[in-house]
Amino acid sequence: MLSQLDSLKAQALQALYTLTEEAAIEAFRVEYLGKKGHLTSLSAGMRDVDPALKREVGAKLNEVREAITQALSAKQEALQAAKDAAAVAGLDITLPGRPGAGQGSLHPLTQVRDQAVRILRKLGFVLAEGPEVETAWHCFDALNTPEDHPARHPSDTFYMPDGKLLRTHTSSVQIRTLESVKSLPVRIISPGAAYRRDEIDATHLSVFNQIEALYVADEVSLADLKGTLEFFFKELLGSGTAVRFRPHFFPFTEPSFEIDVKLEAKGREARWIEIAGCGMVDPAVFEAVSRTRGDELLHPERVSGFAFGMGLERLTMILHGIGDIRHLIENDSRFLAQFA
Ligand code: DAH
């Protein structure tokens, strides 16, 4: 009887949902709540219910009657309201919106980006930007990337007819910034889009986002880099996060490292996950920007710096345990609603 009542309720609410005509709504009332209606006949069954269960079944009966009655009067009111609105023959744009219609929220990528920026701001970093349609100089040459580097090949990079390109990383903002700064220190963070001719799959997009950071001053050490990144990842991913630096190579940093993080794991085995690239700014980068600047502010013998960069999608996937990068661009509200 309990399950019969449950399915009656579900059936009633569903049936009511599709009704729009006054007559049909009245017929519904008779069918479910009327003297010979479904609910009345189920109530009659109370007589045969085991005395031990009577209380429970009675309560359920009341609950179902209440739910159907309420849904019905809401429907009747809505119908009346629609009639009233039609009567004044206009749309009242001053009516408040209906609550619960689904409130929007920031995209998970935006949330993680904002969080990352907030953390680095605490350390004195400020936002910087550069163009997405970039010169090969800013994207590659000034970053000490040789002419024959595979990343520069048209099979990997989108080129414009005029020889410009869609930046393949946000590291180009390092050059834009260094070319124009008036004084030291430089501490910038630059989130933004990057483009690569990659086949789209569970871990690759051809348009994606990165976060770049650069710190340049009289004397910047590897310890500064390490301390900054440890602070950053512990703030972002949790204080139990372990951070590891693995020697690597990037043309624009020397020495260079890849950074792995190990998140605090509950119940399962924690793994090291590669998350970012970093290093000490290569003197060749200071040389290149000094040449275009034509001054000594960033002379490689006078300044040092560190830089790091990472993929925002990857960071978001790690933070939220997202298994497929494509979820982040599909705009499926069932996915997005989980980040409200
Ligand atoms: N630009 C690199 C990439 O797209 C990431 C990176 C590595 C940025 C090292 C840096 C860095 O600033 O120092 O893979």
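Fair warning: this is a prediction, and the values are worked out from it, not measured in the lab. (Residues numbered from 1 in each chain as written. Predicted model: local features only at pLDDT ≥ 70, side-chain atom pairs only at ≥ 80, totals over all residues. Heavy atoms only, no water.)

Asks: So what exactly am I meant to see when it comes to a positive patch on the surface here?
Replies: A contiguous patch of positive charge on the surface is contributed by Lys 266, Arg 268, Arg 271 and Arg 314. Looking at the element boundaries, Lys 266 is found in the loop between strand S7 (253-262) and strand S8 (273-281). In this structure Lys 266 comes out as exposed when scored by relative accessible area, which is 78%. (Patch = residues over 30% accessible without salt bridge, like charges linked within 9 Å, V, L, I, M, F, W, Y side chains within 5 Å. Areas by Shrake-Rupley, 256 points an atom, 1.4 Å probe, with all protein chains shown as cover. Salt bridge = Lys/Arg side-chain N within 4 Å of Asp/Glu carboxyl O. Lys, Arg positive; Asp, Glu negative; His and termini not counted. Charge placed at Lys NZ, Arg CZ, Asp CG, Glu CD. Helix = DSSP H or I, 4+ residues; strand = E, 2+ residues; numbered from the N terminus. Buried < 20%, exposed > 50% of the residue type's maximum accessible area, 1.4 Å probe, protein only.)

Asks: Quick question: what am I supposed to make of the site of the ligand here?
Replies: What surrounds the ligand is a group of 15 residues, the closest being His 169, Ser 171, Arg 196, Gln 210 and Glu 212. At a separation of 2.9 Å, a nitrogen atom of the ligand approaches a polar side-chain atom of Ser 171. Arg 196 has a polar side-chain atom sitting 2.8 Å from an oxygen atom of the ligand. Coverage of the ligand by the protein chains reaches 88% of its 360 Å² of free accessible surface. When residues of the shell around the ligand are traced back to their parent elements, those giving at least two are strand S5 (207-217), S8 and strand S9 (304-311). (Near = heavy atom within 4 Å. Polar contact = N/O pair within 3.5 Å; in protein donor to acceptor, adjacent residues only side chain to side chain.)

Asks: What am I meant to see in the pattern of salt bridges here?
Replies: When the charged atoms of two side chains lie near each other, side chains of opposite charge can form a pair. Counted according to the given criterion, the structure contains 16 salt bridges. Residues joined in a network through salt bridges with shared partners are Asp 6, Lys 9, Lys 60 and Glu 63.

Asks: So what exactly am I meant to see when it comes to the environment of Glu 296 here?
Replies: Relative to the assigned elements, Glu 296 resides in the loop between helix H9 (283-293) and S9. Taking the C-alpha atoms as reference points, Glu 296 and Phe 308, 12 residues apart in sequence, are found 24 Å from one another.

Asks: For this particular structure, what's the right way to read the nonpolar core?
Replies: Soluble globular proteins tend to bury their nonpolar side chains together. Grouped together as the largest cluster of nonpolar side chains are 46 residues, with contacts concentrated most on Phe 233, Ile 259, Ile 275 and Phe 308. Setting aside residues up to four positions removed in sequence, Ile 275 forms contacts with Phe 233, Leu 237, Ile 259, Asp 260, Val 261, Met 310, Gly 311, Arg 314, Leu 315 and Ile 318. (Core = buried A, V, L, I, M, F, W, Y, C linked by side-chain atoms within 4.5 Å. Contact = heavy atoms within 4.5 Å.)

Asks: For this particular structure, what's the right way to read the pairing of S9?
Replies: By the criterion of burial, S9 is predominantly enclosed, with 7 of the 8 residues buried. For S8 and S9, the ladder comprises 5 bridges, and the chain directions are antiparallel. The partner of Met 280 across the bridge, within S9, is Phe 306. (Pairing = 2+ DSSP bridges.)

Asks: Looking at this structure, how should I read the domain arrangement of the protein chain?
Replies: How big an interface is tends to be expressed through the accessible area that disappears when the partners come together. Split into domains, the protein chain comes out as domain 1 (2-87) and domain 2 (108-339). Spacing between the C-alpha centres of domain 1 and domain 2 amounts to 60 Å. (Domains from an automatic or database assignment.)

Asks: Can you walk me through H9 in this structure?
Replies: Because an α-helix completes one turn every 3.6 residues, residues spaced three or four positions apart along the sequence face the same direction. Among the residues of H9, those classed as buried are Val 285, Phe 286, Ala 288, Val 289, Ser 290 and Arg 293. On the buried face of H9, the contacting elements are helix H6 (136-139), helix H7 (172-180), S5, S8 and S9. With a side-chain oxygen lying 2.9 Å from the backbone nitrogen of Ala 284, the N-terminal cap of H9 falls on Asp 282. Two residues or fewer after H9 comes Gly 294, characterised by a positive phi angle close to 75 degrees.

Asks: In this structure, what is going on with a negative patch on the surface? I would like to understand it.
Replies: On the surface, Asp 156, Asp 198, Glu 199 and Asp 201 cluster together to form a negatively charged patch. Looking at where Glu 199 falls in the secondary structure, it is placed in the loop between strand S4 (186-195) and S5.

Asks: Help me understand the pairing of S4, please; the structure alone is not making it clear to me.
Replies: Within a regular strand, the side chains alternate between the two sheet faces. With 8 of 10 residues buried, S4 lies mostly within the body of the structure. Note: strand S1 (residues 126-127) against S4, 2 bridges, orientation parallel. Its bridge partner lying in S4, Leu 127 is registered against Ile 189. Direction of pairing for S4 relative to S5: antiparallel, over a ladder of 10 bridges. Directly across from Tyr 195, in S5, lies its bridge partner Val 207.

Asks: Looking at this structure, how should I read the sheet that holds S9?
Replies: Hydrogen bonds along the backbone pair up the strands of a sheet, which may run parallel or antiparallel. Pairing is mixed in the open sheet, where 7 strands are placed in the order S1-S4-S5-S9-S8-S7-S6. Both outer strands of the open sheet, S1 and strand S6 (242-250), are each paired with one neighbouring strand and no more. Strands in contact with helix H5 (residues 108-122) are S1, S4, S5 and S9; relative to S4, the strand with the most contacts, it is inclined by about 165 degrees. The strands touched by H7 within the sheet are S4, S5 and S9, with S4 carrying the most contacts at an inclination of about 140 degrees. (Axes fitted to C-alpha atoms, helices over the stretch in contact; angles between N-to-C directions.)

Asks: Sorry if this is basic, but what is going on with the packing of aromatic side chains here?
Replies: Remark: the centre distance and the inter-plane angle together describe each pair of aromatic rings, the angle taken between the planes. Scanning all chains against the criterion turns up 9 aromatic pairs. An angle of 75 degrees between the planes, with centres 5.4 Å apart, marks the rings of Tyr 215 and Phe 306 as edge-to-face. With Tyr 215 in strand S5 and Phe 306 in strand S9, this residue pair connects regions lying 91 residues apart in the sequence. Neither residue differs from the other here; Tyr 215 and Phe 306 are each classed as buried. (Phe/Tyr/Trp six-rings, centres within 6.5 Å; stacked < 30°, edge-to-face > 60°.)

Asks: So what exactly am I meant to see when it comes to the packing of H5 against helix H10 (residues 312-320) here?
Replies: Packed helices, taken two at a time, are described by the angle their axes make and the gap between the axes. Running from amino to carboxyl end, H5 crosses H10 at an angle of 95 degrees, the nearest separation of the two axes being 9 Å. Between H5 and H10, the crossing angle belongs to the class labelled roughly perpendicular. Across from Pro 108, Leu 109, Val 112, Arg 113 and Gln 115 in H5, the residues of H10 making contact are Leu 312, Glu 313, Leu 315, Thr 316, Leu 319 and His 320. Split by residue class, the contact of H5 with H10 holds 6 nonpolar, 3 polar and 2 charged. (Parallel < 35°, antiparallel > 145°, perpendicular 65-115°, else oblique. Nonpolar A, V, L, I, M, F, W, Y, C, P; charged D, E, K, R; others polar.)

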